[in-house]
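Read off the chains here:
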Amino acid sequence: MKAAPFDYRRVTSIDEACRALADGGDDARLIAGGQTLVPLMAMRLARPTLLIDINGIAEMSGIAIVGGHLVIGAGTRQAEILDSPVVKNHLPLLTDALSHVGHDQTRNRGTIGGSLANADPAAELPLIAKVLDAEMVARSVDGTRTIAAASFFESAMATALAANECLTEIRFPLWQEQKTGYGFHEVSIRDSDFALAAAAVQLTLDNGGACTRLHMAIGGASPAPMRLGEIEAALMGTTLDDSLIHAETARLAALVDPQGDIHADAAYRRRVARVLTERALLSARDRAIGANP
Ligand SMILES: Cc1cc2nc3c(=O)[nH]c(=O)nc-3n(C[C@H](O)[C@H](O)[C@H](O)COP(=O)(O)OP(=O)(O)OC[C@H]3O[C@@H](n4cnc5c(N)ncnc54)[C@H](O)[C@@H]3O)c2cc1C
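Residues numbered from 1 in each chain as written. Predicted model: local features only at pLDDT ≥ 70, side-chain atom pairs only at ≥ 80, totals over all residues. Heavy atoms only, no water.

**Quick look at the overall build of the protein chain**
A tally of regular secondary structure across the protein chain gives 13 helices and 14 strands. On C-alpha atoms alone, the protein chain measures out to a radius of gyration of 19 Å, which is about the 19 Å that the 2.2 N^0.38 rule sets for 293 residues. Here the C-alpha coordinates of the protein chain stretch approximately 60 × 45 × 30 Å along the principal axes. Once local pairs closer than 6 in sequence are excluded, the contacts in the protein chain between residues at least 24 apart make up 62%. As displayed, the protein chain has an accessible area near 13,000 Å², and 50% of this comes from carbon and sulfur atoms. (Helix = DSSP H or I, 4+ residues; strand = E, 2+ residues; numbered from the N terminus. Rg over C-alpha atoms; globule rule 2.2 N^0.38 Å. Contact = heavy atoms within 4.5 Å. Areas by Shrake-Rupley, 256 points an atom, 1.4 Å probe, with all protein chains shown as cover.)

So this is what it looks like as structure tokens:
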């Protein structure tokens, strides 16, 4: 199929994009990498009347450490983030997760902002934003606001972004503690596919090996990526022994509510979510100890 007719406008600044969104009304859409939107338009599952091309906005691309945050422009290509030594050094969890997002061709075009705004429940980047408490900066003709990841991902393919808002940058808080480790594990049908389920963990240990900070989240097992606060609370302060991790992650099956589809039924996703979470916790703990750099 071919896309329904639409008007096209290329903009070169965030202000211009915001004005175009305001002028275009509810049926105007931004296009970034086009890796999701173009197929949807070709299948006529999306029929924007105005396409606003944000690929020429230089101010929306880049990676920098600002204060205690890693700040990434929403228009930054996924390939650039994956290859960035700054990201690998300061936020290896993001690098690891990105290596599972699509493949070279999709990452060369796809942007971090496009993936977050699209909010696929099985996408890796929303999961990482959620587990790390990232902040999403959104701008419209009415001004700029910052949205915490906890309230940004509302449901499957639904975010807190208003129709007239452009996501401009993402701020990941950096963890300064020395004994910090991360774990990311996913199961997908093929390497480049969305996850059937994925688990992400970042944690900190004190010198005695007790857990002083713990963030855990699961993707693909609920309409939006989900923080696992109950399990985090139960494991905090412990030395994260194998048996305790096994016992606590067993509770996960009752906490998640995955949808079944042609690729995997709900029972399988529930089971695999538990196993992946256990593996992610073990990887994170071992990296924090220094046993698995
Ligand atoms: C073969 C293939 C395999 C893939 N595999 C995976 C995978 O394993 N994991 C995964 O997570 N993804 C996967 N994807 C999707 C890919 O990551 C896309 O890059 C991503 O979902 C969308 O990013 P984009 O920049 O292409 O956005 P676009 O397709 O341009 O836009 C997507 C949506 O976001 C909106 N949008 C874009 N930028 C902004 C912004 N700055 N502010 C507000 N709204 C915005 C658009 O209006 C649109 O609604 C795959 C895609 C393909 C084609």
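**A short note on the nonpolar core**
Ranked by size, the top nonpolar core spans 56 residues in total, and within it L94, L116, I128, M136, F153 and F172 carry the most contacts. In contact with L94, not counting residues within four places along its chain, are I72, I81, V87, L125, I128 and F172. With 24 residues, the next largest nonpolar core counts A197, V201, L214 and A288 among its residues. (Core = buried A, V, L, I, M, F, W, Y, C linked by side-chain atoms within 4.5 Å. Buried < 20%, exposed > 50% of the residue type's maximum accessible area, 1.4 Å probe, protein only.)

**So, helix α1 (residues 14-24)**
When α1 is considered as a whole, its buried residues turn out to be I14, E16, A17, C18, A20 and L21. As for α1, its buried residues are in contact with β1 (7-10), β2 (28-31), β3 (50-53), β6 (135-140) and β10 (166-173). Phi turns positive one or two residues past the end of α1, at G25, with a value near 75°.

**Overview of the layout of surface pockets**
The volume enclosed by the largest pocket comes to roughly 1,200 Å³. For the largest pocket, the lining is made up of 48 residues, of which T36, G114, S115, A117 and N118 are closest to its centre. Listing elements by their share of the lining of the largest pocket, those giving two or more residues are β2, α2 (37-42), α7 (112-118), α8 (124-131), β9 (158-159) and β10. Tallied by class, the residues present in the lining of the largest pocket amount to 24 nonpolar, 18 polar and 6 charged. Here the second largest pocket defines a volume of roughly 300 Å³. N89, H90, P92, W175 and T180 are, among the 14 residues lining the second largest pocket, the residues nearest its centre. Taken together, the elements giving at least two residues each to the lining of the second largest pocket come down to α4 (85-90) and β11 (180-187). Looking at the lining of the second largest pocket element by element, the count peaks at 3 residues for β11. Tallied by class, residues from the lining of the second largest pocket come to 5 nonpolar, 7 polar and 2 charged. A domain-level breakdown of the lining of the second largest pocket finds at least three residues from each of domain 2 (60-173) and domain 3 (180-289). (1 Å grid on protein atoms, 1.4 Å probe; cavity = no way out; pocket = protein on both sides within 12 Å on 5 of 7 lines; lining within 4 Å. Points joined across faces, edges and corners; volume = space filled by probe spheres on them. Nonpolar A, V, L, I, M, F, W, Y, C, P; charged D, E, K, R; others polar. Domains from an automatic or database assignment.)

**Remarks on unusual backbone geometry**
A positive phi angle, close to 60°, is found at R44, a residue other than glycine. Residue classification places R44 among the partly exposed positions, given a relative accessible area of 31%. Non-glycine residue L240 carries a positive phi angle of around 55°. Examined against the element boundaries, L240 turns out to sit in the loop between α10 (229-235) and α11 (242-249).

**Here we look at the domain arrangement of the protein chain**
One can read the domain layout of the protein chain as domain 1 (7-53), domain 2 (60-173) and domain 3 (180-289). On a C-alpha basis, the centres of domain 1 and domain 2 stand 19 Å from each other. Of the residues lining the interface, 12 residues belong to domain 1; the matching set on domain 2 comes to 15 residues. Both sides of the domain 1 and domain 2 interface together cover about 1,100 Å² of buried area, and 69% of this is carbon and sulfur. Among the residues of domain 1 in contact with domain 2, I14, C18 and Q35 are the three that bury the most area, contributing 42% of the side total. In this structure, R139 and D15 form a salt bridge, with 2.8 Å as the shortest nitrogen-oxygen distance. If you tally residues by element for the side of domain 1 that touches domain 2, the top one is α1, at 6 residues. Of the residues in the side of domain 1 that touches domain 2, the class split is 6 nonpolar, 3 polar and 3 charged. (Buried area = accessible area lost by both parts, 1.4 Å probe. Salt bridge = Lys/Arg side-chain N within 4 Å of Asp/Glu carboxyl O.)

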